[in-house]
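Listed below, chain by chain, are the residues.
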Amino acid sequence: MNVAENYKKIRKEIPEQVSIVVAAKTRTATELSEIIDAGATDIGENYVQEAKSAYEQLGEKANRVRWHLIGSLQKNKINKALPIFDIIQTIGDYEIAENIDKKVERAGKKIVPVCIEINIGSEFTKYGVKPEFKSIEELIRKISDNLKYLKIVGLMTMGPRVGDPEDSREYFRKTKEIFERIKTLSLPRVEMKILSMGMSNSYEVAIQEGSNLVRIGTSIFGERKY
Ligand SMILES: *Cc1c(COP(=O)(O)O)cnc(C)c1O
């Protein structure tokens, strides 16, 4: 099967209200072009430089899809990232949020939609806010109170990378609970719409637990060759 067929098959399997963000790391612009032709609506990139290169090579076609940043953003890449990405899914601390906020106007944008990234398994090796509700609420309130150009539109989590997707279920469930609790706070510029969780090996479980955006690479393109 080719990548276009893989995409269409997964698109058919997954409920309509769940968005598929095609995880593009290590894939060529040609592969992304194929996937856009197959009907992909959203592309997820981990690295700003890789995104910029694909974006430029795709030309007009790049405008047919929404671009999501799904890898963490370094301060010195913000100016390069802002013109490309429609949404930044990886806000895990106030400092990066504040640095982005300062640059939005100059980039000619009015608002930048972001998701808060939660390190739901409290893993040392992963970026993201600690899963304690208090820490998450504090970060969201601080952004909402102080940063005028960011709009928090949801939560994102990687979940621990485990062999058995069933083992991720409790983490997805916890993230969904946090998502619902944030909704009840009714804060300015905070609108919990996106719950981004689930990858190739775990998207079915994630959707059962309330995910409405899955990020899929391997199941579409095959294993990555680094
Ligand atoms: C690579 C990646 C994915 C997709 O992983 P697959 O296992 O290839 O589907 C999803 N989200 C993030 C943040 C990634 O880096």
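Residues numbered from 1 in each chain as written. Predicted model: local features only at pLDDT ≥ 70, side-chain atom pairs only at ≥ 80, totals over all residues. Heavy atoms only, no water.

Colleague: Is there a simple way to think about the packing of aromatic side chains in this case?
Modeller: By convention here, two paired aromatic rings are described through the distance between centres and the angle between planes. Counted by the stated rule, this structure contains 1 aromatic pair. Look at Tyr 55 and Trp 67: their rings are 5.3 Å apart centre to centre, the planes differ by 70°, and that puts the pair in the edge-to-face class. One end of the pair, Tyr 55, is in helix 3 (residues 48-58); the other, Trp 67, is in strand 3 (residues 66-69), with 12 residues separating them in the sequence. Classification of Trp 67 by relative accessible area gives buried; the value is 1%. Between the NZ or CZ atom of Lys 142 and the centre of the ring of Tyr 94, over which it lies, the distance is 4.2 Å. Positioned above the aromatic ring of Phe 133, the side-chain terminus of Arg 181 is 3.7 Å from the ring centre. (Phe/Tyr/Trp six-rings, centres within 6.5 Å; stacked < 30°, edge-to-face > 60°. Helix = DSSP H or I, 4+ residues; strand = E, 2+ residues; numbered from the N terminus. Buried < 20%, exposed > 50% of the residue type's maximum accessible area, 1.4 Å probe, protein only. Lys NZ or Arg CZ within 6 Å of the ring centre and 35° of its normal.)

Colleague: Sorry, what's going on with helix 7 (residues 169-183) here?
Modeller: Because each turn of an α-helix spans 3.6 residues, side chains separated by three or four positions in sequence point in the same direction. Over its 15 residues, helix 7 extends 21 Å from the first C-alpha to the last, a length consistent with the 21 Å expected when each residue adds 1.5 Å. By the burial criterion, the buried members of helix 7 are Arg 169, Phe 172, Thr 175, Ile 178, Phe 179 and Ile 182. Packing partners of the buried residues in helix 7 comprise helix 6 (133-146), strand 6 (150-156), strand 7 (190-196) and helix 8 (203-208). (Expected span 1.5 Å × (residues − 1). Contact = heavy atoms within 4.5 Å.)

Colleague: Explanation requested: the site of the ligand in the structure shown.
Modeller: In the vicinity of the ligand there are 13 residues, among which Lys 25, Asn 46, Ser 200, Thr 218 and Arg 224 approach most closely. Residue Gly 217 places a main-chain N or O atom 2.9 Å away from an oxygen atom belonging to the ligand. The side chain of Arg 224 places a nitrogen or oxygen atom 2.7 Å from an oxygen atom of the ligand. In isolation the ligand has 390 Å² of accessible area, and contact with the protein removes 95% of it. Because more than half of its atoms lie within 2 Å of the grid, the ligand is assigned to the largest pocket. Residues belonging to the shell around the ligand are distributed by class as follows: 6 nonpolar, 4 polar and 3 charged. (Near = heavy atom within 4 Å. Polar contact = N/O pair within 3.5 Å; in protein donor to acceptor, adjacent residues only side chain to side chain. Areas by Shrake-Rupley, 256 points an atom, 1.4 Å probe, with all protein chains shown as cover. 1 Å grid on protein atoms, 1.4 Å probe; cavity = no way out; pocket = protein on both sides within 12 Å on 5 of 7 lines; lining within 4 Å. Sits in = over half its atoms within 2 Å of the grid points. Nonpolar A, V, L, I, M, F, W, Y, C, P; charged D, E, K, R; others polar.)

Colleague: So what exactly am I meant to see when it comes to the packing of helix 2 (residues 29-37) against helix 3 here?
Modeller: The packing of two helices is summarised by the inter-axis angle and the distance between the axes. Between helix 2 and helix 3, the shortest axis-to-axis distance is 9 Å and the interhelical angle comes to 60°. Classed by the angle they form, the pair helix 2 and helix 3 counts as oblique. Along this stretch, helix 2 crosses helix 3, giving a crossing that reads as right-handed. Packed against helix 2, whose contacting residues are Ala 29, Leu 32, Ser 33 and Ile 36, the element helix 3 presents Ala 54, Gln 57 and Leu 58 at the interface. Class assignment of the residues belonging to the contact of helix 2 with helix 3 gives a composition of 5 nonpolar, 2 polar and no charged. (Axes fitted to C-alpha atoms, helices over the stretch in contact; angles between N-to-C directions. Parallel < 35°, antiparallel > 145°, perpendicular 65-115°, else oblique. Left-handed = near helix turned anticlockwise from the far one by under 90°.)

Colleague: Is there a simple way to think about the side chain of Thr 175 in this case?
Modeller: Positionally, Thr 175 belongs in helix 7. Residue classification places Thr 175 among the buried residues on the basis of a relative accessible area of 0%. For Thr 175, the side chain forms a polar contact with the main-chain oxygen of Tyr 171, separated by 2.8 Å. With near-sequence residues (within four places) excluded, Thr 175 lies in contact with Ile 120, Leu 155, Thr 157, Leu 195 and Met 197.

Colleague: Can you help me understand the pairing of strand 2 (residues 42-45) in this one?
Modeller: Every regular strand shows the same layout, with side chains that alternate between the two sheet faces. Burial along strand 2 is two-sided: the residues Asp 42 and Gly 44 and Ile 43 and Glu 45 are all buried. Once the chain exits strand 1 (residues 19-23) it traverses helix 2 before rejoining the sheet at strand 2, and the crossover so formed is right-handed. Two strands pair when backbone bridges link them, and strand 2 and strand 3 are joined in this way by 4 bridges, in the parallel orientation. Counted as the bridge partner of Asp 42 is Arg 66 from strand 3. Traced from strand 2 through helix 3 to strand 3, the parallel crossover comes out right-handed. (Right-handed = clockwise from strand over helix to strand, strands pointing away. Pairing = 2+ DSSP bridges.)

Colleague: Is there a simple way to explain the layout of surface pockets in this structure?
Modeller: Any space left empty among the atoms is revealed by the rolling of a water-sized probe across them. Its volume calculated, the largest pocket comes out at about 530 Å³. In terms of lining residues, the largest pocket is bounded by 27 residues, among which Lys 25, Asn 46, Ile 70, Gly 71 and Met 158 are the most central. Per-class residue counts for the lining of the largest pocket are 9 nonpolar, 11 polar and 7 charged. Taken as a whole, the second largest pocket holds about 220 Å³ of empty space. Taken together, 13 residues line the second largest pocket, and the ones lying closest to its centre are Arg 66, His 68, Ile 87, Val 153 and Ile 194. If you list the elements that add at least two residues to the lining of the second largest pocket, you get strand 3 and strand 7. When the residues that make up the lining of the second largest pocket are grouped by side-chain class, the tally is 5 nonpolar, 4 polar and 4 charged. (Points joined across faces, edges and corners; volume = space filled by probe spheres on them.)

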